[in-house]
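Structural description and commentary
The chain contents come next:
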Amino acid sequence: MLKRLTALMFVFATMFGLQACSGSAPVSLLDYANTFQGYQFSYPTGWIEVNVSEGPDVVFHDIINPTENVSVVVSPVAEGKTLEELGGPTEVGYKLSKSITEMAGGSRDVELVSAQNIETAEGKTYYILEYLTKTSAGARHNLASAIVRRGQLFTYNASVPETSWKRLKASLTRSVASFSVY
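These numbers come from a predicted model, not from an experiment. Counting from 1, residues in each chain are numbered in the order their sequence is written. Per-residue local features are limited, in this predicted model, to residues with pLDDT of at least 70; the limit for side-chain atom pairs, both in listing and counting, is 80 or more; totals at the level of whole chains, interfaces and linings are taken over all residues. Excluded from the side-chain calculation are hydrogens and water; included are all heavy atoms of the structure.

**A short note on the overall build of the protein**
What counts, and what does not: Helix and strand assignments come from DSSP, with helices taken as H or I runs of at least 4 residues and strands as E runs of at least 2, each series counted from the N terminus. Note on areas: Shrake-Rupley with a 1.4 Å probe; residue coverage comes only from the protein chains shown.
In terms of helices and strands, the protein carries four helices and ten strands. The N-to-C order of helical and strand elements in the protein reads α-β-β-β-β-β-α-α-β-β-β-β-α-β. With an accessible surface of roughly 9,400 Å², the protein has 56% of that area assigned to carbon and sulfur atoms.

Structure follows, in structure tokens:
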């Protein structure tokens, strides 16, 4: 687990060019685990879990700015399908961006910025995706981690207004890197 986390952190630091003098200190993270569904992640301190009736399995958002949030969506996939069989990182990222646009009734413009795959020491493959989303309420920045396990696609998404991105980039990168399905 420590090797996987270290490798993911290195990739994220390289991928997003984290800068020590960016002017914003990372927010500390708290741990969350759903042992029934079999996943865990870390989320920023000061964020709270909110109940949602449909959609995500779990959502946490900032107490002061509820538009800063993380969520996990669990969706079925065809029996025996792997993440790689759904497509490469760019293809899956593009499909997810199109489904987000369709679910929002075309009121969002979602652009896939980057997509890559991470292979863990345990042999699990995660796709790490970055999106920019334009809505009528303004631009948003999203990071996501996706994996297929036990016939389900698990997608962890961290989403903030573009105005919060610089301040939260390091913390959300660590949060997405912490997502693990067991």
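Now that the structure has been shown, we can carry on.
**Re the pairing of strand S8 (residues 138-149)**
Just so we agree on the cut-off: Burial status follows relative accessibility: with a 1.4 Å probe on protein chains alone, a residue under 20% of its type maximum counts as buried, one over 50% as exposed, and anything between as partly exposed. Strands are labelled as partners when DSSP assigns at least two bridges between them.
Buried residues dominate S8, accounting for nine of its twelve residues. The pairing of strand S7 (residues 125-135) with S8 spans nine bridges and is antiparallel. The partner of Thr135 across the bridge, within S8, is Gly138. Taking the residues between adjacent antiparallel strands as the criterion, S7 and S8 are bridged by two residues. The pairing of S8 with strand S9 (residues 152-161) spans ten bridges and is classified as antiparallel. Bridging across to S9, Asn142 finds its partner in Ser159. Here S8 folds back onto S9, and the loop between the two strands holds two residues, one of which, Arg150, carries a positive phi near 50°.

**Looking at the nonpolar core**
The condition is simple: The set of buried Ala, Val, Leu, Ile, Met, Phe, Trp, Tyr and Cys residues whose side-chain atoms join them within 4.5 Å is what this entry labels a nonpolar core. Residue contacts follow a heavy-atom distance rule, with two residues in contact if any of their heavy atoms lie within 4.5 Å.
In this structure, Tyr39, Phe41, Phe60, Val70, Leu172 and Phe179 are the most contacted members of the largest nonpolar core, which totals 24 residues. Elements supplying a minimum of two residues to this core: strand S2 (39-44), strand S4 (58-62), strand S5 (69-76), S7, S8, S9 and helix H4 (162-178). Residues contacting Tyr39, with those up to four places away along its chain left out, are Tyr32, Ala33, Asn34, Asp57, Val58, Val72, Phe154, Phe179, Ser180, Val181 and Tyr182.

**A look at the layout of surface pockets**
The test is simple: Buriedness for pockets is judged along seven lines, at least five of which must meet protein on both sides within 12 Å for an open set on the 1 Å grid over protein atoms alone, while cavities are sets there where a 1.4 Å probe fits but cannot get out, and lining residues have an atom within 4 Å of a point. Grid points are joined across faces, edges and corners, and a volume is the space filled by probe spheres set on the points.
Taken as a whole, the largest pocket holds about 970 Å³ of empty space. Contributing to the lining of the largest pocket are 27 residues, with Ser71, Ile100, Met103, Arg108 and Asn157 lying nearest its centre. Only S5, helix H3 (89-103), S7, S8 and S9 provide two or more residues apiece to the lining of the largest pocket.

**Quick look at the pattern of salt bridges**
Going by this rule: Salt bridges are defined by distance alone: a side-chain nitrogen of Lys or Arg within 4 Å of a carboxyl oxygen of Asp or Glu.
Under the defined criterion, the tally for this structure stands at two salt bridges. The salt bridge partner of Glu68 is Arg167, with a shortest N-O separation of 2.6 Å. Taken together, the positions of Glu68 in the loop between S4 and S5 and Arg167 in helix H4 put the pair 99 residues apart, joining distant regions of the chain. A residue is classified by how much of its surface remains accessible, and Arg167, at 42% relative accessible area, is partly exposed.

**Describing H3**
Side chains three or four residues apart in an α-helix point the same way, a direct result of the helix having 3.6 residues per turn. Selection rule: Expected helix span is given by 1.5 Å per residue-to-residue step, counting one fewer step than there are residues.
Here H3 contains 15 residues, and its C-alpha end-to-end distance of 21 Å stays within 8% of the 21 Å for a straight helix at 1.5 Å per residue. Listed in full, the buried residues belonging to H3 are Pro89, Val92, Gly93, Leu96, Ser97 and Thr101. Residues of H3 that are buried make contact with helix H2 (83-86), strand S6 (109-119) and S7.

**Things to note about a nonpolar patch on the surface**
Where we set the bar: Note that patches include only residues with greater than 30% relative accessible area and no salt bridge, and the join distances are 9 Å for like charges and 5 Å for nonpolar side chains (Val, Leu, Ile, Met, Phe, Trp, Tyr).
There is a patch of nonpolar side chains on the surface, built from Ile48, Ile63 and Ile64 and spanning about 330 Å² of accessible area. Within the element layout of this structure, Ile63 appears in the loop between S4 and S5.

**Quick look at unusual backbone geometry**
The backbone phi angle of Arg150 is positive, close to 50°, even though this residue is not glycine. Tracing the sequence through the fold places Arg150 in the loop between S8 and S9.

**A word on the sheet that holds strand S10 (residues 180-181)**
Stated precisely, the cut-off is as follows: Only the contacting stretch of a helix is used when fitting its axis, a line to C-alpha atoms as for every element, and angles between N-to-C directions run 0 to 180 degrees.
Ordered in space as S1-S2-S10, the three strands form an open sheet in which the pairing is antiparallel. Because the sheet does not close on itself, it has two edges, and the strands there are strand S1 (29-34) and S10. Looking at chain direction, S2 and S10 are connected through two bridges and run antiparallel. Bridged to Tyr39 within S10 is Val181. Contacts between H4 and the sheet are confined to S1, S2 and S10, with S2 contributing the most and set at about 170° to the helix.

Note that every value here comes from positions in space, so none of it alone points to a role or purpose.
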